[in-house]
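Chains, contacts and geometry: an overview
One letter stands for each residue in the lines below.
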Amino acid sequence: MMTLIIGGSGSGKSAYAENYIASLSKGKQKYYIATMQAFDPESQKKVERHKLLRKGKGFCTIEQPADIQKAVEKMETKEKTALLECISNLVANEMFSGEVPETAVTEKIITGISVLKKELAHLVIVSNKLFEDGQVYDKTTMEYIEAMGRINEKLAALADEVVEVVVGIPVVVKNRLIN
Amino acid sequence: MKLIIGGYAQGKLRYVLSRYNVDTSKVWDGEIPERADEQRGTMVINHFHNWVKSRIVCDGCPEEEIRQFLEKHWDCVIISDEIGNGIVPIEALERECRERTGRILVELAAKAEEVERVICGIGQKIK
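Everything numeric here is computed off the predicted structure, so don't read it as measured data.

All names here are of chain A. With respect to the helices, strands and loops of the structure, Ser 25 is situated in helix H1 (residues 13-25). The class for Ser 25 is buried, based on a relative accessible area of 3%. If we ignore the near neighbours within four places in the chain, the residues touching Ser 25 are Lys 30 and Thr 81.

In structure tokens, the structure reads:
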């Protein structure tokens, strides 16, 4: 089963996602697929904060800043459960690495996620809502926002359920029982 | 305490004034009244995110200050813009304000009796 969790900055989406997957895996081994690369003190602080949030929840961390499908090769358990956080960093890493043509990034990521979905019993994905500040940015940033939009759309189509976290409160967007 | 959130220009204040039947003299814009003790009835704190930013700029501690305020003045409606749904700001101060505002709102939402999100002038009760 695949769940997509979206939310803005400081919305409480990570805490919600971690608790959600903990309730799914019921104390069994689960994986945390981390996509963020911490190059500066601010992102290091963010990584540390997230590690603290996850502490004691039984996560095994897999660092996978790109080539997301490769995360599955690093999982040893038979039944695989993972939380992937987050899509915005994965998209930035793939787009700005220069290795994949920009137009191919969306397809590469969706193909990778499809592999994970197929191989895993439970896959929970955290993505960002970054479409609502009404600003017009430079061309590169606009392309990034557009890629994020398309990817979120495709992930939502693949997902069995989609939840938006608003001030820490889950709001169901796509329900697995109804849709 | 009731929390109202939503994007810019979504009619949040209008929604609150009509739903809770409070008049504009009880509305505080981007500030918390200094002499809150003298206030009677339900207070409305509008543009709460602006207050958070003003406290951060002054090296205050909005997290602690709002906790203390609510201990004394629980009967209030707090209205805030949702500011976390955009691109990460280039300026460090803006990033800090965005992040801290989000976390404060999560804490307020957990405590609130009711949380509503206003979209196009329509309130969606999410708690």
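So, next bit.
Moving on, we come to the sheet that holds strand E4 (residues 76-81) of chain B. Sheets are built from strands paired through backbone hydrogen bonds, the pairs being either parallel or antiparallel. Residues and elements named next belong to chain B. Taken in spatial order, the six strands make up an open sheet running E2-E3-E4-E1-E5-E6, and their pairing is mixed. This sheet does not close on itself; its edge strands, each paired only once, are strand E2 (27-29) and strand E6 (122-125). If you compare each strand with its neighbour and ignore which way they point, the axes differ by 20° on average. In the sheet, strand E3 (residues 43-46) pairs with E4 via three bridges, with the strands oriented parallel.

Now for unusual backbone geometry. Across the junction of Glu 85 of chain A and Cys 86 of chain A, the peptide omega takes the value -10°, indicating a cis bond. Following the sequence through the fold, Cys 86 of chain A ends up in the loop between strand E4 (81-85) and helix H3 (87-96). Although it is not a glycine, Asp 59 of chain B sits at a positive phi angle of roughly 60°. Along the chain, the position of Asp 59 of chain B falls in the loop between helix H2 (48-57) and helix H3 (62-72).

All names here are of chain A. Pairing geometry for strand E2 (residues 30-34) and strand E3 (residues 59-63), over five bridges, is parallel. Counterpart to Tyr 32 in the pairing with E3 is Thr 61. With respect to chirality, the unit in which E2 leads through helix H2 (residues 41-54) into the neighbouring parallel E3 is right-handed.

What follows is about the packing of H3 of chain A against helix H5 (residues 139-158) of chain A. Residues and elements named next belong to chain A. At their nearest, the axes of H3 and H5 sit 10 Å apart, and the two run at 130° to each other. When the axis of H3 is compared with that of H5, the two are oblique. The handedness of the crossing between H3 and H5 comes out as right-handed. Listed contacts from H5 to Ile 87, Ser 88, Val 91, Ala 92, Met 95 and Phe 96 of H3 are Thr 140, Glu 143, Tyr 144, Ala 147, Met 148, Ile 151 and Leu 155. When its residues are assigned to classes, the contact of H3 with H5 shows ten nonpolar, two polar and one charged.

Rules of the game
Per chain, residue numbering runs from 1 following the sequence as it is written. All chains are assigned letters beginning at A, and all ligands numbers beginning at 1, according to the order in which they are written. Since the coordinates come from a predicted model, pLDDT governs what is reported: local features require at least 70, and pairs of side-chain atoms require 80 or more to be given and counted, while whole-chain, interface and lining totals use all residues. In computing side-chain properties, one takes all heavy atoms of the structure into account and sets aside hydrogens as well as water. Labels follow the DSSP assignment, with helices taken as runs of H or I lasting at least four residues and strands as runs of E lasting at least two, numbered in each case from the N terminus. Each residue gets one of three labels from its accessible area relative to the maximum for its type: buried under 20%, exposed over 50%, partly exposed in between, using a 1.4 Å probe on protein chains only. We call two residues in contact when some of their heavy atoms are within 4.5 Å. Following DSSP output, two strands are said to pair if at least two bridges run between them. Between N-to-C directions, angles cover 0 to 180 degrees, with each direction set by a line fitted to C-alpha atoms, over the stretch in contact for helices. Whether a crossover is right-handed depends on one test, that the path from the first strand over the helix to the second runs clockwise when the strands point away from the viewer. When describing relative orientation, an angle under 35 degrees is termed roughly parallel and one over 145 degrees roughly antiparallel, while 65 to 115 degrees is termed roughly perpendicular and anything else oblique. Should the near helix be turned counterclockwise from the far one by less than a right angle, the crossing is left-handed, whereas a clockwise turn marks it as right-handed. Each residue gets one label: Ala, Val, Leu, Ile, Met, Phe, Trp, Tyr, Cys and Pro are nonpolar, Asp, Glu, Lys and Arg are charged, and the others, such as Gly, are polar.

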